[in-house]
Every structure is written in structure tokens, then in C-alpha cells.
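# Geometric and topological summary
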Amino acid sequence: PQDYMKRIDKKVRQSIATSEKKGAQFYEGHQYIHEFAQAMKYTEQRKGVALRNEEYFKRMADVYGEQCIIMVAKLNFPRQIAYLNETIQKAQHDLEATPFQKTIDNAFNELSKLKEEYGKEGKDEIILSGKLAIFNKNRMEFVYAGNNAEYLRMRTIYALYGKYFDIAEEKNIPYVSMGGIEGTL
């Protein structure tokens, strides 16, 4: 499994790891259509284009059924803030044995950003990105992807690619197209 990871650029592999370190959680299923549609709204706003609405994505999921994969990445602020506090405490404790100052500094910086964003967002959980793909036995096609521009540092779109590649590998789908559909439709 994950033979494709050996062929992926090192920076992409690092981006995939970054999204998990920064607390992104990934969800798959048609029940996440609403969250996926929100990710698409972020892309609409960023690019200044009108894309499709939630009803359209629901119809797509109904038409393609199990051959339509919807995934979203979310961030839960309280959980990640607690994790970072724990990381800082552990690193400070271990500092006596080994120099972990960089770990502490990085965790403090991320914690500070998260607390500020948590206050700005006013809710515990946010949508970071989403992706919709359809497939058959020979090909998987990435059709739509949306990304929250405020949280690009989370690198979740890369991790979503990796998760779709995992599915393609599991299903023995030999070809994955990352083309998508142009937003000018």
C-alpha cells in the first residue's frame, strides 16, 4: 500500500504530514455534502466565480451513488488547542534532558494563531477543505475541490489527494485524473 508516496515530491509528502500535525481531521461520505458545499463557497469567494450549489452536489451524489466520493477536512479548535498545550508541557518537561526549544516555540506560535482564529470564527469547528471525485474500475476523476483560504497553512488539500490516492489503490483503479471542472461553467 501507498507505493505512490515514493513517487510524490518530498514537499507534497511534507504537506500531507503537516495537515495531520496541525490537527486536521478527515471525513468521508455523502453525509458531508453540506460541509463540502461550504468548502466550495470558500473557493467561489477566493476566485470570484460562481460554482455549483449544495443541491447540485446532492444530485451528483445520488446519480453516481457509491462511485462518488466526498471528503472534507475539518479543524476542531478546542481539541487542537488542548493537544498543543499538552505538547508544550511535555516539551518543557523534556527540555531538561534534550533541547526541544524549537518544538516549544513552534507550538506556542501555532497555539497563539489558533486561539486568535478560534475567537474570530466563534465556533468550535471549521471546514478547511473538501473534494469530490467520481470513479469507475479504470479511472478516478477529481471533479471539484474547495479550500478555505484563511487556513492554507494547514495543507489539507494535499492530504485529501493522498486519501483519494489510497482509495484508488485499494480499489485497483489504475488512473487518477486531477483535472477537475473549470469554474467558468
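All values derive from a computational prediction rather than experimental measurement.

## Regarding the sheet that holds strand E2 (residues 68–76)
Neighbouring strands of a sheet are bound in pairs by backbone hydrogen bonds; such pairs are parallel or else antiparallel. Spatial ordering of the open sheet is given by E1-E2-E3-E4-E5, a layout of five strands whose pairing is mixed. Each edge of the open sheet carries a strand with a single partner, namely strand E1 (24–28) and strand E5 (175–177). The average angle at which neighbouring strand axes cross in this sheet is 25 degrees, direction not considered. Judged from the three bridges that link them, strand E4 (residues 139–147) and E5 form a sheet pairing that is parallel. Across the sheet, residue Met 140 finds its bridge partner in E5, namely Val 176. Sitting on the sheet, helix H2 (residues 33–47) touches E2, strand E3 (125–135) and E4, and the angle it makes with E4 is about 65 degrees.

## Re the pairing of E4
In terms of strand pairing, E3 meets E4 through seven bridges, oriented antiparallel. Within E4, the residue paired with Ser 129 across the bridge is Asn 147. Counting the residues between successive antiparallel strands, the hairpin from E3 to E4 contains three residues. Crossover E4 to E5 through helix H6 (residues 156–170) is right-handed.

About the cut-offs
- Residues numbered from 1 in each chain as written.
- Predicted model: local features only at pLDDT ≥ 70, side-chain atom pairs only at ≥ 80, totals over all residues.
- Heavy atoms only, no water.
- Pairing = 2+ DSSP bridges.
- Helix = DSSP H or I, 4+ residues; strand = E, 2+ residues; numbered from the N terminus.
- Axes fitted to C-alpha atoms, helices over the stretch in contact; angles between N-to-C directions.
- Contact = heavy atoms within 4.5 Å.
- Right-handed = clockwise from strand over helix to strand, strands pointing away.

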